[in-house]
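Single-letter residue listing:
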Amino acid sequence: MSHVSTFREYLRREFGITLPREVVLQEQENVIRVFSKTLMMMKPAGYMGFVAGKVSTNGIELKSEFIQLFGKHATKNTLELDEIQAKSFVENDFVEIRNPADSAAGSTGSGWKIAKSGTHVLGIGRLRDGKLYPDFIGKGRKRAENSLVPAKKQSI
Amino acid sequence: MCMDEKQFRDYLSGFADADKMLSAPVRDTIRVNTLKIPKAEFFEITKIKLEPTFYDCGFYAESEARLGATWEYFLGYMHTQSLSSMLPSLILNPNERDIVLDIAASPGSKTSHLAMLMQNKGAILANEVNWERGSALFSNVARLGILNAKVTVRDGTKLGINSYFTKALVDAPCSSLSQPYAYKKFTPNLAYEMSKTQKKMLFSAYDSLREGGELVYSTCTYAKEENEETVKLLLEKRPEAGLAGLEFDFPHDSGLSEYGKEFRKTARIYPHHFNSEGFFIAKVKKG
């Protein structure tokens, strides 16, 4: 089985994610990249789309940016975070999950989970011993300084 | 020798109202990234105070937090981008069937805007000469959910691709004279040196266009050597090339007519037009 097939099967099995037909996965330099089918027509060689994740002997890693785009299709192994938890998660801190079954959709007590907060897909993290550890953002853009609490709707 | 403030003011007065330009405040703006969130939903969730502009996805923005350190930014719902720098993509106006070259793409503001206008369809070649600057491009492509861009790291002045793209954007490296205090580093020789690279890049992008293709050339400088003069050389050396109307309504001055009447079709944007950084924009049609 190719790494791309393994990756696609993992998405379906673990999260119930089936990617839209217009989206392509391709292995390039040991990572799986995701891009639009229309990009196939571009001839000059280069880096297609962006990195979706990696298949290695250690298992499969998913990138949060990929999950932010396609996590809305997930039907299992998602965790609904409240406002305070979501803030911690985005700040790259672990989040206490008291009872995964209370906040998780089709989730077991450990392993990779898609973190959601309301309509927002925040990314992916690993649940271990009641804590969700984000696999998240670079140091340079680690801290969110504001809150994602729904604001009073602006009429623009 | 570099300029002081008085010399800069005199320099600007040669082609514009220096007092107005230098006294106009430049405001922060953001672009809502509709590839990741519908505009209406963004208005519902954001705490950033927004004020509309002439572009329906571009907003003046005020926030207690730094705009680049907000959740909205991390989740790729928006991009901090000057209003002026949204114009080149809007003027190029790519559609879902276009094959687009962005020859100097990093940090990816315009690449991601092009992708948004194309709704992640079609194809963009986002090129950057420098690996270090390229990392910002890779990062923004991922954060903003861009699926229709291929990133290359090559010297844009020597692209060597002929008659391939339907549209091209040359947002050229420049002396950045519209940036605060850039005049302190500006010399006529800097403009001359920059224009040499710009001309090579412009010709490289133009030659990569198919017949009937369109190109937008832009800089964030006021120096005419880097703007009208660079475009003029292309028009002289490629007789089938012609300036096209910008076909997007926004406040601006026309380009300098000392280079010919046709330069009325180009745009010079100064801070007092809409409280954004200065820009030069020209649209060229091939054949």
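Everything in this summary refers to the structure shown in the same document. (Residues numbered from 1 in each chain as written. Chains lettered and ligands numbered in written order. Predicted model: local features only at pLDDT ≥ 70, side-chain atom pairs only at ≥ 80, totals over all residues. Heavy atoms only, no water.)

1. Details of the overall build of chain A
Across its full length, chain A carries 4 helices and 11 strands. By the burial criterion, 49% of the 156 residues in chain A qualify as buried. Expressed as a percentage of contacts within chain A between residues at least 6 apart in sequence, the contacts between residues at least 24 apart total 56%. For chain A, the accessible surface area stands at approximately 8,100 Å², while carbon and sulfur atoms represent 48% of it. (Helix = DSSP H or I, 4+ residues; strand = E, 2+ residues; numbered from the N terminus. Buried < 20%, exposed > 50% of the residue type's maximum accessible area, 1.4 Å probe, protein only. Contact = heavy atoms within 4.5 Å. Areas by Shrake-Rupley, 256 points an atom, 1.4 Å probe, with all protein chains shown as cover.)

2. Some remarks on the interface of chain B and chain A
The partner chain A presents 44 residues to the 50 residues of chain B that form the contact. Taken together, the links from chain B to chain A amount to 0 salt bridges. Here chain B and chain A share 12 residue pairs in polar contact (both at pLDDT 80 or more) between them. If one sorts the elements of the side of chain B that touches chain A by residue count, helix 7 (residues 131-143) of chain B sits on top with 6 residues. Here the residues of the side of chain B that touches chain A sort into 29 nonpolar, 8 polar and 13 charged. Judged from the 2 bridges that link them, strand 3 (residues 47-48) of chain A and strand 7 (residues 149-152) of chain B form a sheet pairing that is antiparallel. In the sheet register, tyrosine 47 of chain A faces strand 7 of chain B, and the bridge partner there is valine 151 of chain B. (Salt bridge = Lys/Arg side-chain N within 4 Å of Asp/Glu carboxyl O. Polar contact = N/O pair within 3.5 Å; in protein donor to acceptor, adjacent residues only side chain to side chain. Nonpolar A, V, L, I, M, F, W, Y, C, P; charged D, E, K, R; others polar. Pairing = 2+ DSSP bridges.)

3. Quick look at the nonpolar core
Across soluble globular proteins, you tend to see nonpolar side chains buried next to one another. Phe7, Phe15, Leu25, Val34, Leu62 and Phe66 of chain A are the most contacted members of the largest nonpolar core, which has 62 residues in total. Those residues in contact with phenylalanine 66 of chain A that sit more than four places away from it in its chain are Phe7, Leu11, Leu19, Leu25, Val34, Phe50, Val51, Ala52 and Gly71 of chain A. Core analysis: the second largest hydrophobic core is formed by 37 residues, Leu125, Leu159, Val231 and Tyr259 of chain B among them. (Core = buried A, V, L, I, M, F, W, Y, C linked by side-chain atoms within 4.5 Å.)

4. Some thoughts on the packing of helix 5 (residues 83-92) of chain B against helix 6 (residues 109-117) of chain B
Residue and element names in this part refer to chain B. Contact geometry for helix 5 and helix 6: axes closest at 9 Å, N-to-C directions at 40 degrees. One finds that helix 5 runs oblique with respect to helix 6. Like other packed secondary-structure pairs, helix 5 and helix 6 cross with a definite hand, here right-handed. On the side of helix 5, the interface is formed by Ser85, Met86, Pro88, Ser89, Leu90 and Leu92, while helix 6 contributes Lys110, His113, Leu114 and Leu117. The residue inventory of the contact of helix 5 with helix 6, partitioned by class, reads 6 nonpolar, 3 polar and 1 charged. (Axes fitted to C-alpha atoms, helices over the stretch in contact; angles between N-to-C directions. Parallel < 35°, antiparallel > 145°, perpendicular 65-115°, else oblique. Left-handed = near helix turned anticlockwise from the far one by under 90°.)

5. What to know about the pattern of salt bridges
Residue and element names in this part refer to chain B. Applying the stated rule across the entire model yields 20 salt bridges over all chains. Arginine 133 serves as the salt-bridge partner of glutamate 128, at 3.4 Å between the closest nitrogen and oxygen. We classify glutamate 128 as buried; its relative accessible area is 4%. For arginine 133, a relative accessible area of 44% translates into the label partly exposed. Between lysine 158 and aspartate 155 there is a salt bridge, and its shortest N-O distance comes to 3.9 Å. On the basis of relative accessible area, aspartate 155 is assigned to the partly exposed category, the value being 31%. Salt bridges linked by common partners bring Arg27, Glu51 and Glu62 together as one network.

The quantities given are spatial measurements derived from coordinates; they are silent on function.
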